[in-house]
Amino acid sequence: MTVLGLSCFYHDAAACLVRDGRIVAAAQEERFTRRKHDASFPAHAVAYCLGEGGIAVADLDAVAFYDKPFLTFERLLETYLAFAPRGLASFLKAMPVWLKKKLWTPDVIARELGPGSGPGQAFDGPVLFTEHHESHAASAFFPSPFERAAVLTADGVGEWATTSFGVGEGNRLRLLGEQHFPHSLGLLYSAFTTFCGFRVNSGEYKLMGLAPYGEPRFADTIRRELMDLKADGSFRLNMAYFTYPVGLRMTGRRFADLFGGPPRAPEGPITQRELDLARSVQLVTEEVVLALARHVHRETGERNLCLAGGVALNCVANGRLLREGPFERLWIQPAAGDAGGALGAALTVWHEWADPGSGPGQATPRTVQPDDAMQGCYLGPSFSPDEIAAVLEREGVPGERLGEEALVERTAALLAEGHAVGWFQGRMEFGPRALGHRSILADPRGPDVQRTVNLKIKFRESFRPFAPAVLAECATDLFDLAVESPYMLLVAPVKNATGGGTGLDRRRYTDSPVPAVTHVDGSARVQTVTAARNPLFHRLLRAFEARTGCPALVNTSFNVRGEPIVCTPEDALRVFRRTHLDALVLGPYLVTKSMLPAAEREAFSAEEIAAEYGLD
């Protein structure tokens, strides 16, 4: 029994293939089209998933969509009517898209998966729709390592729901409560994201990274003026300050007046106000998450908690929930945003509909995996050594093919010498994090590594922190983290880290045994690496530790600013050539800058990069 899950038309379109309850493949459309957060129908991701599964469209038993468009349309119409006559411009902009495409999602799917989708291919089976937060909840519970657990989801908005909770047991999942639009924790955070000059659906990471530089001087204002928070974590937002229900912007004049003037212009100077706004909304977000979790614990009595939805990507809040919350264990869906909805929809259909032997409404068996069912989140395309060799030859790039031991030792030596390395191995990660298959690696002990990699390789703001990948067996030597964190979704204190200074100058005063991965508040977003999940990456960390005594590396996603994580060898070579990466490891092939023609060895200068992107 094979189910194709789809998410699209909002942001982070994706496809996922589930066969007999096992995740065969999953990928975001952006990785193929190279358009970040691509929302279009995931035709390339579908083609990949079908190819990985060795099937044609006609072999699918069902297609699952992660959202119910008619319920979402109902919410839009009711919202516009409630706020009329405000919102006319937004209404006129939204309606053509809905009337021409989104309301016709079943027809779009039928057309995209019809005879034109490939030789002899046509899908004439059922297209089934799950609710948005049902998809998130399913993506959180069904792949988790728990036989039973509470489930909490939070994001911007689905159809009506912005937060939901429930209980999963075995192969069943029941949602018990939800909070409705426009009262949304995700949209509150996004409102501050845009007010501070960043983009919705991508700038939230920047706001979270900016928060430790500020002071929470606006937190009381948020609690008093913007939000009425109840003990159970539910809240009402004061909509007099927000325009997102019907406007083309998130906030209006009253919001600006409350926080001392107009929003920061994109790419404009970051002032103390933005630092303090980031810290304040981050603190309030953590408080809401804790209140929600305590309520869910009281209502369900469960010991374990599964999380999904965009808010679950706030790893600072996750770390605090782990330390201060009522649950013994957490499991967070690594593709917690809308991309993971494709996975949740497919698993929902599999467990609650799809088994031909049980009939509709009869749940199918679920086998709980000791770690989890995400396979390390390595669910995307891979490329054989021969395929990589062909790309190198076609691109005119010499590469040295090495055995595994020599490859690991040479790479560890380069890293120990202070070089930054692009690391391209195995199946691409599903979700927003690079987890050692499409990564840029560096020595975390270097005090200038963070600024150098941010500016000269990633082309991004120098305040952005980097995450460490650490040998799981050595994690407690460096971090106050008592659990595994394989998906880089928990922030933990760095041992023996100290700091000082104020504002953005705090970067100069951070002292740590691993300064390149220590944020200014003495924390790090940790990925623990085991030999079982990623044997080659584990070997590399071991080799680096043998040379340096340090069991960790800087691990940041293999991309430059404004682009998705690399998918193919061609993508990796392009980033390698245009940045100050020193070396590139493509499968068994090692390429260094010295191997390139002289004209290609000099990437953009730091000054050119700073001028182009407005970086400090």
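Structure's up top.
Residues numbered from 1 in each chain as written. Predicted model: local features only at pLDDT ≥ 70, side-chain atom pairs only at ≥ 80, totals over all residues. Heavy atoms only, no water.

What follows is about the overall build of the protein. When its secondary structure is counted, the protein shows 20 helices and 21 strands. In terms of its C-alpha atoms, the protein occupies a principal-axis envelope of roughly 60 × 60 × 45 Å. Each of the 616 residues in the protein was classed as buried or not, and the buried ones make up 60%. Relative to all contacts within the protein whose residues are 6 or more apart in sequence, the contacts with residues 24 or more apart total 72%. Carbon and sulfur atoms make up 51% of the accessible area of the protein, which amounts to about 23,400 Å² in all. Averaged over its 64 positive side-chain charges, the protein has a centre that lies 4 Å from the centre of its 73 negative ones. (Helix = DSSP H or I, 4+ residues; strand = E, 2+ residues; numbered from the N terminus. Buried < 20%, exposed > 50% of the residue type's maximum accessible area, 1.4 Å probe, protein only. Contact = heavy atoms within 4.5 Å. Areas by Shrake-Rupley, 256 points an atom, 1.4 Å probe, with all protein chains shown as cover. Lys, Arg positive; Asp, Glu negative; His and termini not counted. Charge placed at Lys NZ, Arg CZ, Asp CG, Glu CD.)

Let us look at the environment of E395. Its place among the elements puts E395 in helix α14 (residues 385-395). Of the residues examined, E395 reaches a relative accessible area of 30% and is grouped as partly exposed. In the structure, E395 is positioned 177 residues away from A572 in sequence and 12 Å away in space, judged by C-alpha atoms. E395 has contacts with E570, L573 and R577, leaving out every residue within four places of it along the chain.

Let us look at the pattern of salt bridges. Scanning the entire structure with this criterion turns up 31 salt bridges. The shortest N-O distance in the salt bridge between E404 and R539 comes to 2.6 Å. Separated by 135 residues along the polypeptide, E404 in helix α15 (residues 404-416) and R539 in helix α18 (residues 535-548) bring together distant segments of the chain. Residue R539 is classed as partly exposed on the basis of its relative accessible area of 35%. Salt bridges linked by common partners bring K206, E267, E461, R464 and R561 together as one network. (Salt bridge = Lys/Arg side-chain N within 4 Å of Asp/Glu carboxyl O.)

Another aspect to go through is the sheet that holds strand β11 (residues 304-308). With mixed pairing, the five strands of this open sheet are ordered in space as β8-β7-β6-β11-β12. In this open sheet, the two edge strands, each paired with only one partner strand, are β8 (172-180) and β12 (329-332). Across this sheet, the average inter-strand angle for adjacent strands is 20°, counted without regard to direction. Against the sheet, helix α6 (residues 132-141) makes contact with β6 (148-154), β7 (161-169), β8, β11 and β12, and its axis sits at roughly 135° relative to β6, the strand it touches most. Packed onto the sheet, helix α12 (residues 315-324) meets β11 and β12 and runs at close to 160° relative to β12. (Pairing = 2+ DSSP bridges. Axes fitted to C-alpha atoms, helices over the stretch in contact; angles between N-to-C directions.)

Core analysis: the biggest nonpolar cluster contains 194 residues, and F192, F242, L305 and F430 have the highest contact counts within it. Looking at this core element by element, the count peaks at 11 residues for helix α11 (residues 272-300). (Core = buried A, V, L, I, M, F, W, Y, C linked by side-chain atoms within 4.5 Å.)

Turning our eyes to something else, we now look at the side chain of H11. By the element assignment, H11 lies in the loop between β1 (2-7) and β2 (14-19). Among all residues touching H11, those that are not within four sequence positions of it are H37, D38, A39, N201 and D338.

Right, let's talk about the pairing of β11 for a bit. On a regular strand, each side chain points to the face opposite its neighbour's, so the side chains alternate between the two faces of the sheet. Buried residues dominate β11, accounting for five of its five residues. Neither face of β11 is exposed, since N304, C306 and A308 on one face and L305 and L307 on the opposite face are all buried. Note that β11 and β12 share four bridges and pair parallel. Across the sheet, N304 pairs through a bridge with R329, a residue of β12. Each parallel crossover has a hand, and for β11 linked through α12 to β12 it is right-handed. (Right-handed = clockwise from strand over helix to strand, strands pointing away.)

The pairing of β7 with β8 spans eight bridges and is classified as antiparallel. Looking at the pairing, F165 lines up with G177 of β8. Linking β7 to β8, which pair antiparallel, is a turn of two residues; within it G170 sits at a positive phi near 60°.

One open sheet holds the nine strands; their spatial order is β13-β21-β20-β14-β15-β19-β16-β18-β17, and the pairing between them is mixed. Looking at strand neighbours, the two that pair on one side only are β13 (400-401) and β17 (490-493), the edges of this open sheet. For strand β14 (residues 421-424) and strand β20 (residues 583-586), the ladder comprises four bridges, and the chain directions are parallel. Along β20, the bridge assignment pairs V421 with A583. Packed onto the sheet, α12 meets β17 and β18 (523-529) and runs at close to 65° relative to β17.

This part takes up α6. Of all 10 residues that make up α6, nine are buried, and the element is covered over most of its length. Where α6 is concerned, the buried positions are H132, H133, S135, H136, A137, A138, S139, A140 and F141.

Further remarks concern the environment of L392. The topology assignment puts L392 in helix α14. Discounting chain neighbours no more than four positions away, the residues touching L392 are V397, G399, L573, L586, Y589 and V591.

So, on to the environment of E473. With respect to the secondary-structure elements, E473 resides in the loop between β16 (468-471) and α17 (475-478). The class of E473 is partly exposed, set by a relative accessible area of 41%. Along the sequence, E473 and R273 sit 200 residues apart, while their C-alpha atoms lie 41 Å from each other. Filtering out sequence-adjacent residues up to four positions away, E473 remains in contact with V529, H538 and R542. For E473, the side chain forms a polar contact with the side chain of H538, separated by 3.0 Å. (Polar contact = N/O pair within 3.5 Å; in protein donor to acceptor, adjacent residues only side chain to side chain.)

All right, on to the packing of α15 against α18 then. Two elements in contact, α15 and α18, have axes whose closest approach is 9 Å; the angle formed by their N-to-C orientations is 50°. Classified by the angle between their axes, α15 and α18 sit oblique to one another. In this structure, α15 meets α18 at a crossing whose hand is right-handed. Residues E404, E405, V408, E409, T411, A412, A413, L415 and A416 of α15 form the contact with α18, whose participating residues are L536, R539, L540, A543, F544, R547 and T548. Residue composition of the contact of α15 with α18, grouped by class: nine nonpolar, two polar and five charged. (Parallel < 35°, antiparallel > 145°, perpendicular 65-115°, else oblique. Left-handed = near helix turned anticlockwise from the far one by under 90°. Nonpolar A, V, L, I, M, F, W, Y, C, P; charged D, E, K, R; others polar.)

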